[in-house]
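Commentary on secondary and tertiary structure
Below are the chains, spelled out letter by letter.
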Amino acid sequence: MSTETQTAFRDALVAHGLLIPMGVDGLYGRSGVFEDVVERFDALITQWGKDDGAEVMRFPPALNRRHFEKSEYLNSFPQLAGTIHSFEGNERDHQTLLQKLHDGEDWTGMQRPTDVVLTPAACYPVYPTIAARGVLPERGRVVDVYSTCFRHEPSLDPARMQLFRMREYVRIGTPNQVMSFRRSWLERGKLLMESLGVPVAIDLANDPFFGRAGRMLAANQRDQGLKFELLIPITSAEKPTACLSFNYHQDHFGLLWDIRTADGELAHTACVGFGMERVALALFRHHGFDPADWPQAVRAVLWG
Amino acid sequence: MRATAWTALGDETAEDVASMDTTIREILADSGWLAVDVAALSDGDDLYAAGLTSHGSVNLMLALEERFDIEFPEQLLRRRTFESIAAIREAVTGLRNGTAGA
């Protein structure tokens, strides 16, 4: 993927006032126009998901550190995790901290980890929450979450932000319930995005697991067809950007959190995730920087 | 395909095979990655069906590398390399004989 194309698109988004640069790659403010597109797309997701009867849960963009530690995220993605540290010293330590800051030295050694970790994917707080409720009802559960997520992967590509929003529907239940949910969203997700007039392709995918062990996890994930992505070209036609993902976790989270179905079996889980900024960027890329000029059919879908 | 690869290697004695099986079974028994007793498994039984998870299979791979002083090449870092005791034995034997991925 050419970094020139990425920076050119980023610069154009900034020039049109849609993204507000903050001096760190992958960290941006957004304009009212950008946010309006995100909000309309969010409402469109709700419309397409309304028959699932999902329970809405909104969490802050952070996890309980104990839950994060138990999630095995550090096994798979240590390079992406973001933990929150704070100063916990006394007044003398404070003076040392200020002195280091003044001298341009590393002051961060004075920071200690808090009980809070940044959310890496919107569904992470769902599993311990559902587990704490006990055995699943017969029909399992569907949960609707929406959160800002953090992944430490600074990039010139405006479609790879470090802090971005992810809307998700999470299905927890028997393998059949979970597989039929994913199958249904693979179809619905494609139709939904096609209604927005952007070119879409669905492909088998894998997560960016870390290291050699990660290459094995990625190969396993592909062999078993656990992850699919809906791709839209944004800064490259050859390497289109994943804007939606459809993930089957098998009993990974069921096992970690001991979530049981009504029959006492380990619960399986799946989720469909929508990358909100990425979808907005795809729309700006294909329909132009001013939504007022977008095709009438697309405007009708988003703004009614 | 597996049987062909196995017989083609040739220079392992029956004792080597037995000792390797014992070591593989020891690693599995000590690990706690399986939901069943290793002694109850035959060489061809599916370890994933016996409770081996994806993360478990990664740890198994690392434990095999350490115990047999080998390194699995990229093309063997797959689920089916570790799907049974027989499959593991074949992969480890191949690596020790320099016929990895054959």
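Residues numbered from 1 in each chain as written. Chains lettered and ligands numbered in written order. Predicted model: local features only at pLDDT ≥ 70, side-chain atom pairs only at ≥ 80, totals over all residues. Heavy atoms only, no water.

**Comments concerning the side chain of T114(A)**
All names here are of chain A. Our working rule: Counting from the N terminus, the helices are the DSSP runs of H or I reaching at least four residues and the strands are the DSSP runs of E reaching at least two. Polar contact is defined as a pair of N or O atoms within 3.5 Å, subject to the rule that within protein one atom must be able to donate a hydrogen and the other to accept it, and that residues adjacent in sequence are counted only when both atoms are side-chain atoms. In this analysis, two residues are considered to be in contact whenever any of their non-hydrogen atoms come within 4.5 Å of each other.
Inspection of the secondary structure puts T114 in strand β6 (residues 111–118). Here the side chain of T114 touches V116 through a polar contact of 3.1 Å, landing on its backbone nitrogen. Those residues in contact with T114 that lie beyond four places of it in its chain are R65, I84, H85 and S86.

**Details of the sheet that holds β6(A)**
All names here are of chain A. Our working definition: Pairing between two strands requires that DSSP report at least two bridges joining them. Between the N-to-C directions of two axes lies an angle of 0 to 180 degrees, each axis being a line fitted to C-alpha atoms and, for a helix, fitted only over the stretch in contact.
Read across the sheet, three strands follow the order β4-β6-β5 without closing on themselves; strand pairing throughout is antiparallel. In the strand order of this sheet, the two ends are held by β4 (62–64) and β5 (83–87), each with one partner. Averaged over all pairs of adjacent strands, the angle between their axes in this sheet comes to 55 degrees, without regard to strand direction. Bridge analysis of β5 against β6 gives four bridges, and the strand direction is antiparallel. Counted as the bridge partner of T83 is V117 from β6.

**Details of helix α7 (residues 175–194) of chain A**
Because an α-helix packs 3.6 residues into every turn, residues spaced three or four apart end up facing the same way. Inclusion rule: A helix is expected to span 1.5 Å multiplied by its residue count minus one. Buried means the residue's accessible area, taken with a 1.4 Å probe over protein chains only, is under 20% of the maximum for its type, while exposed means over 50%, and partly exposed covers the values in between.
Over its 20 residues, α7(A) extends 29 Å from the first C-alpha to the last, a length consistent with the 28 Å expected when each residue adds 1.5 Å. Of all the residues in α7(A), the buried ones are Q177(A), V178(A), F181(A), R182(A), W185(A), L186(A), R188(A), G189(A), L192(A) and M193(A).

**Observations regarding the packing of helix α2 (residues 14–31) of chain B against helix α4 (residues 85–96) of chain B**
Residues and elements named next belong to chain B. The condition that has to hold: Should an angle fall under 35 degrees it is called roughly parallel, over 145 degrees roughly antiparallel, and 65 to 115 degrees roughly perpendicular, with every other angle called oblique. Note on convention: the crossing is left-handed when the near helix lies turned anticlockwise from the far helix by less than a right angle, right-handed when the turn is clockwise. Ten residue types, Ala, Val, Leu, Ile, Met, Phe, Trp, Tyr, Cys and Pro, are classed as nonpolar, four, Asp, Glu, Lys and Arg, as charged, and the remainder, Gly among them, as polar.
Where α2 meets α4, the closest approach of the two axes is 10 Å, and the angle between their N-to-C directions is 120 degrees. With respect to α4, the element α2 is oriented oblique. As α2 runs across α4, the sense of the crossing is right-handed. Packed against α2, whose contacting residues are V17, M20, D21, I24, R25 and L28, the element α4 presents I85, I88, R89, V92, T93 and R96 at the interface. For the contact of α2 with α4, the class distribution of residues is seven nonpolar, one polar and four charged.

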